[in-house]
Structures are given as structure tokens and as C-alpha cells.
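The chain contents come next:
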Amino acid sequence: MKRGISILLAVLMAVALIGSAYAGGKAEGAKGAQKVKITYWFFPIVKTVPGMESTVKDFGDWEKYLAAEYMKTNPNVEVVSELQAYEGGVDKVNVAIAGGNPPEIIFDYLGRTSGWYSQGAAQPLDNIISEKLKADIMDSFKSLYMVGGKLHGVPGFAWNIGLDVNRGLLKSWGYKGEILNGPGKPYSTAQFEEFLANVKKVAPTGSYPFAIACGSEQGDYTWWQFFWGQGASLFNADGTTVSDLPGMVEGYTWIKSMMDKGYFAPGIGTMNATDVVNMWNSGKIAMIGGHKGSANTMKKAIDDGLLKIDYDVTIVPFPTKDGKGGFAAMGPTGFIILAKDAAKQKAAADFIEFQMQPKYWASQVSAAGQFPALKSVAALDLYKNDAFNSVQSQMVASFPAGNFALTDPNYNKIRIAMAAAGQAVYSGMKSPKDAVAGYLAEVKKIRGK
Amino acid sequence: MSAVAVLWSRMRKEKAAYLFILPSVLLFLLFVLYPLVRSFVLGFQEANLVSAKWVGLANYIEILQDPRFHTALINTMLFVVFLVPTVVFMSYFVALRLAPLTSRWQTYFRAAFYLPVVVSGVMISMIWLWIFNPVYGLLNTVVGFFGVKPVAWMGYRGTLYWLMVVVFTFNFGVPLIIYMAAINNIPEELYEAARIDGAGKRTVNWKITWPLLKPSTFFLFVTQTVAVFQTWVVIQLLTNGGPAHSTETIVFQIYMDAFWYNQYGRASAMGMILLVIIVFLTLAQKLYAGDDVSY
């Protein structure tokens, strides 16, 4: 009897285990058969939307609201919107693609979407999205999103990196001079050095005028700005050829000299972007390579009582040798469609187009504090009442977008190789010349594969 | 009778027992054995996110010729050579000091040393990150009192050794607990007899305690070797493999190849190389420990 019960229990356990797994899959399948179901993955960008405070309270709420609005008019489509964390989110996408179960839509940074597309995980959109939407994309953005002659994604908006300057903190340190040539105005490297020296004189012990992170490849757009300022032009127009390396040697040499003089915080080779943001928010540095988002975090630090200074943040471009201004670093974020099934592709394209109507997209762009990729939204002049973004809008209009090879299929590897070269320089393991030579050899190896 | 027939006959005889372990066996097959076999096959392919093609031994040849892999291999071996004996012997000596204490003090020290094992590796790494921070870190504040300029602890050639200190704190708790339990299980009569024969403290430790802990020591050497070989979180969070790839280990490179570069074939081949190294070292340890180790 005992033996019989034991066998029965064991069989039940095994059946329950297998059955529960099967049942989950089947229920999903049965539900999906009734409608076209599309999954939309995105990262934390929009936290609050003015006028929508009761609905949009945290990251992910805005996208859920848009999905719900879309489903009201498209009852045959089910949109599942899922917020992904920056930490581990990209790994999750990779695993989902490799496992053959990716979402139908991803909204993410161009440096990653182009990589997924180049590996064949995403669809070319030339024949999937409408002519109306294609015509609405600004030409400069459209060219950034072309991979192998095809439109690989729909650009949504882009950040632009400048130098955020905390005038409130400088005042509290006792700095009384001018902020270079004023908000948004170009200036020379020599002027910048003089400014840094003057700020350093009044900075309390343990505080620095500026910090830059090279502990990982994240934040590389800040280095590019300094390299461009030193005359480097690392990629040709097609974004595939390493060209002007002396400018890069000069860039590394100059950054290291700034660290050695104490103008830039020490430990550049090990610091990561979060460290720099922490220093900015705690008043350890007076400048950061950033945008409106960095200004907002500063405002929050002051509102939360972490910093007791007046909020007074403005933005200036990065320095250039001749003082006439260089390139603008633009980091676009956009949609890609990964669905293989025609019905899902159509639903995905339709949902993207729904979100990008000016009435929704204008809110999304301004909530993200970025610059729109659509002509219809740009025409609304979103930042006319925002002093910070007005200055930045002028900067974006004044300086051409620099190419840092975001659509290069090897972008990820190249930027990591560049971070390693920087770390070798800043930690004193290699001279700038040797580090750049090593970087060049690595890039050739990467491209040669 | 063949081995399969013997197994089949035993399974028919003990149906209930085998059915009870069936769920575990299925999970093992699905989540351990299948990925292992799949990884072995992938090692011979050039595989990205969506496609794979057969390349034979090309991944293995490329890895073995890659200077970055050589650095990772040396770093991994340095970790094992320095850390495993240090952790095992230190935990042995600390356990010897703690064993004679009252049970209340033993509980206190057990909890204190075991805490880093229970707390998430990410949390502890974040604390170390703050300690080592060149601008607002605790270590620089302390050395600053002696007039030392800020040091980038995670940014020079010796960074690997600082990482070992961090990994040590993670790995110390388990061996200590095991040694304390094992020491407390040694019959008191053995010590009494030794003392009557005139053995001193040191002699008792080396002639009685240490030999009787041989099974625990072997177990700890094997498990610590495997654990140290798989060090990843600390490197990922504290140095990200830098400066200039100088602190990368094999597991870190596997992670980078798979999840950053999407080179699943190369990552799998590297995983197989690591597996061979670990199996080889474990067999060597078993050989060295001899046959008198039992569980």
C-alpha cells in the first residue's frame, strides 16, 4: 500500500511539473490566437509628463497609457508594454533574440539598435512604415538611421551633450568671473584652461572644476567632444574608417594634463558615469558633460536638501582649438521592429505611428528633455519657454552633428577598445601615442574579422 | 549482464525512488546537461544572435592566440593560486582560534564572518566601490590624513591584488563555518590522549586536528577553486575589466564575448576551456589529497 502511494505521489509530482509548464505556454498561445499581440520593450526615459501627473507617476506609466489609448481604437491588437532596466536590460534583449522570442518593438539607443539590425534581428523598415512617417523624419536623423542603404529604425529624439555649468555652486565657492563666453557661445581650449585654473583656485579641497569618466565605454560621447575639439576626426563620413589619429593622441594628452593639473577629478581611468553624476549631485564638481537631464538631477538634489545652493545651471559647448565651435554629439533613440510575421509587423508599425503623432510625441520629447527627430514636432518649438533648452536648441542648430560611428556594426567593440586605450593613458600604463597605436591595431583586427 | 540491463533492473525494482528523483533529473538534464552539450557544439560555430555556421576549431585557435585571453588566463590563475590557499588556511587558523570560545561568541563570529556571503555580491561591491573611489572614497580620506594625494586604487597595475582582497571577504565565510563545525566534531578524547602524551598546542593542531580535517580541506579546496575561477561580479562592478583589460578574468571575457559582442561561439569555446581547466585542477587536487578522503 505504502509503495503504491509513493509511486502515485512521484508520478503526480512529475506530471504536475511538466503539466504546469505546458499549461502556461498553451494558455498564452490560446489567448494570442484571438488578437494580434505585440510586445513593446523600452528603457526608463519618461518619468513624468506635465498635465498627466495623475496617470504618469513613474517610469513605464506613459508607455502603458499610450498602449491603452492605442488599443481603444484598435481592439484587434493587444500591446504589452514592458519597461526594461538599464542594468541587465540589454542582456535581456540579447537573450530574447538568441532564444528566438524577442519583443516585436524595441525603443532604444541607436548604438544598440543598429547592432541588433546588423545581426539580422530587426527588419528593414522602408516598406513597413508609412510614407507619411518617413517624410516626417528630419533628413539628418534619417541618414543616421540608414544601415547598408536601408532604414533600420524610426528615430524618435536625441540628446545633445554640452557642458552643464553649475553657476550656483561656483558662486558658493566664491568664483566671481565670467562663465567662458556665456551660455551657448563657443570658446577656445586656451580660454577653457584659464577658466579651469581660476575655478580650481577657489574650489574647496576634494572638489574639482570638472570630471570625466573612462572606467567603461559608457559616456564616450564626452571624450569625443574633447577629441573633436583637438582637431580629431576619427571616422570618415561613412563611419567605417579610422582616419585622423594625431588628433586623438592630442586629445588623450590634453585630458591627462588636465587631470594631472587637478582641473579634472583624479581617477578618470576607473571612474564610471554614475560616479561623475554623484559628484555633480553632491557639489564635488562644478561642470559635467550633460544635458537637461543633468540639470534636472541637480535641481532634485537641491530640492531634496542634499545641496544647499541656488539652482542656477546653464550650458556651454565643448572647447575647440580655434574657439569657433566644433561638432555636436547627438545620441538618437528610436524604434526598431523585430517581428517576422507580416501581421505583427503591420501592427507594430501602426502602433509606432500612433505614438509619434505630435499630440503624444511632443509630450514624450519634452518629458525626456531631448530634441525631436520629426519635423512636425520640431515645428512646435517645444522649448521656447525653457531657458536651458533654448540655449541648447541654439547650440544644436549652430554646430553640425559629429559622427561617432553609431551605426558601425562593430560600434560596441570599437568603443570598448577606445575606453581601454584611455584607461591605459590615464593610469600611466601607456603613453598616448602607444595607446592610440594599440587602439588602431585593435580596430583593424575588429574590422578585419 | 550489461550495465544498462543492471540499471534497468534496479530501476524496475526501485520504481518509487527513481520516480521521486525524476523531477530533479529532468531539471538537471534541461538546465545543466543540455546547455553544456549545446555550449560544446556552439564552441565549433561562429554564432551571433540569429545565425550560426560551423567553423571547426577556429574559435579555439583564435582564443589561444589572443593576448587578451592570455592576460585573462594569467589573472584567473593568479586569483586561484593566491586566493584559494589564503582563504582555506586563514579560515582554518581563525576557526582554530574561535573553536575554544563559548557558543555565544562562536555564534557572533560565525554571523559576522558569514554576513558577506548572505548579502548580495552587488551590494558588497558597491560598498567597496565607495571605499576605493578616488574622489570621495573612504580609503583616500584615511590616507589623506597622512598627506597622501588621492590614489586611483582601481586604476593601476596593482589593481588585481585589491580585487583579491574584495573576493577574499566574499569567500571567507563558508570555509570558516565548515571548519568550525568540523573542529567541534572531533572527539575530545583524542585531544586528551595527546595532552597526556605530552603534546603541545602546535603538535595537537598539526598531528590531530589538521589530518582529521582532510576531507573538509579537500572539499574546500575544490569548491573554492571553482568559486574563484568563476569570479565575475566583483570585476564587473569594480573595474569592468580595466584599466586597459588588465583585470579581466576568463569568466569576465566569456560574459563580454556573449553579451556585449554577441559572439556566442567564441564565448562557448572559452567556457569549454575553463571547464577543462577546472576538471584538470580538481583531478589534480584529488590525486594530491589521496584516497583516504571520504565523505
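Residues numbered from 1 in each chain as written. Chains lettered and ligands numbered in written order. Predicted model: local features only at pLDDT ≥ 70, side-chain atom pairs only at ≥ 80, totals over all residues. Heavy atoms only, no water.

### Topic: unusual backbone geometry
Link 1 in the chain: Residue Pro-243 of chain B is bonded to the preceding Gly-242 of chain B through a cis peptide linkage, with omega at 0 degrees.
Link 2 in the chain: Within the secondary structure layout, Pro-243 of chain B lies in the loop between helix H13 (233-238) and helix H14 (250-260).
Link 3 in the chain: The phi dihedral of Leu-180 of chain A is positive, around 50 degrees, even though this residue is not glycine.
Link 4 in the chain: Topologically, Leu-180 of chain A is positioned in the loop between helix H7 (167-173) and helix H8 (189-202).
Link 5 in the chain: For Leu-180 of chain A, a relative accessible area of 12% translates into the label buried.
Link 6 in the chain: Backbone geometry places Asn-262 of chain B, a non-glycine residue, at a positive phi of 55 degrees.
Link 7 in the chain: Considering the arrangement of structural elements, one finds Asn-262 of chain B in the loop between H14 and helix H15 (264-289).
Link 8 in the chain: For Asn-262 of chain B, a relative accessible area of 6% puts it in the buried group. (Helix = DSSP H or I, 4+ residues; strand = E, 2+ residues; numbered from the N terminus. Buried < 20%, exposed > 50% of the residue type's maximum accessible area, 1.4 Å probe, protein only.)

### Points about the domain arrangement of chain B
Residues and elements named next belong to chain B.
Link 1 in the chain: Annotation of chain B at the domain level lists domain 1 (1-42) and domain 2 (58-289).
Link 2 in the chain: Placing the centre of domain 1 and that of domain 2 at their C-alpha centroids yields a distance of 33 Å.
Link 3 in the chain: Taken residue by residue, the interface counts four residues in domain 1 and six residues in domain 2.
Link 4 in the chain: Interface area for domain 1 against domain 2, summed over the two sides, is near 410 Å², with a carbon-plus-sulfur share of 67%.
Link 5 in the chain: Our enumeration of links across domain 1 and domain 2 arrives at zero salt bridges.
Link 6 in the chain: At the boundary of domain 1 and domain 2, one finds zero residue pairs in polar contact (both at pLDDT 80 or more). (Domains from an automatic or database assignment. Contact = heavy atoms within 4.5 Å. Buried area = accessible area lost by both parts, 1.4 Å probe. Salt bridge = Lys/Arg side-chain N within 4 Å of Asp/Glu carboxyl O. Polar contact = N/O pair within 3.5 Å; in protein donor to acceptor, adjacent residues only side chain to side chain.)

### Remarks on the interface of chain B and chain A
Link 1 in the chain: Contacts between the two partners involve 41 residues from chain B and, on the opposite side, 45 residues from chain A.
Link 2 in the chain: Carbon and sulfur atoms supply 64% of the area that chain B and chain A bury against each other, a total of about 3,600 Å² over both sides.
Link 3 in the chain: Considering only the surface of chain B that becomes buried against chain A, Leu-49, Val-135 and Trp-260 of chain B emerge as the three largest contributors, covering 17% of it.
Link 4 in the chain: For the pair chain B and chain A, the number of links is one salt bridge.
Link 5 in the chain: For the pair chain B and chain A, the number of links is seven residue pairs in polar contact (both at pLDDT 80 or more).
Link 6 in the chain: When residues of the side of chain B that touches chain A are traced back to their parent elements, those giving at least two are helix H1 (3-13), helix H2 (15-42) and H14 of chain B.
Link 7 in the chain: The dominant element in the side of chain B that touches chain A, judged by the number of residues it contributes, is H2 of chain B, at eight residues.
Link 8 in the chain: Grouping the constituent residues of the side of chain B that touches chain A by class yields 24 nonpolar, ten polar and seven charged. (Nonpolar A, V, L, I, M, F, W, Y, C, P; charged D, E, K, R; others polar.)

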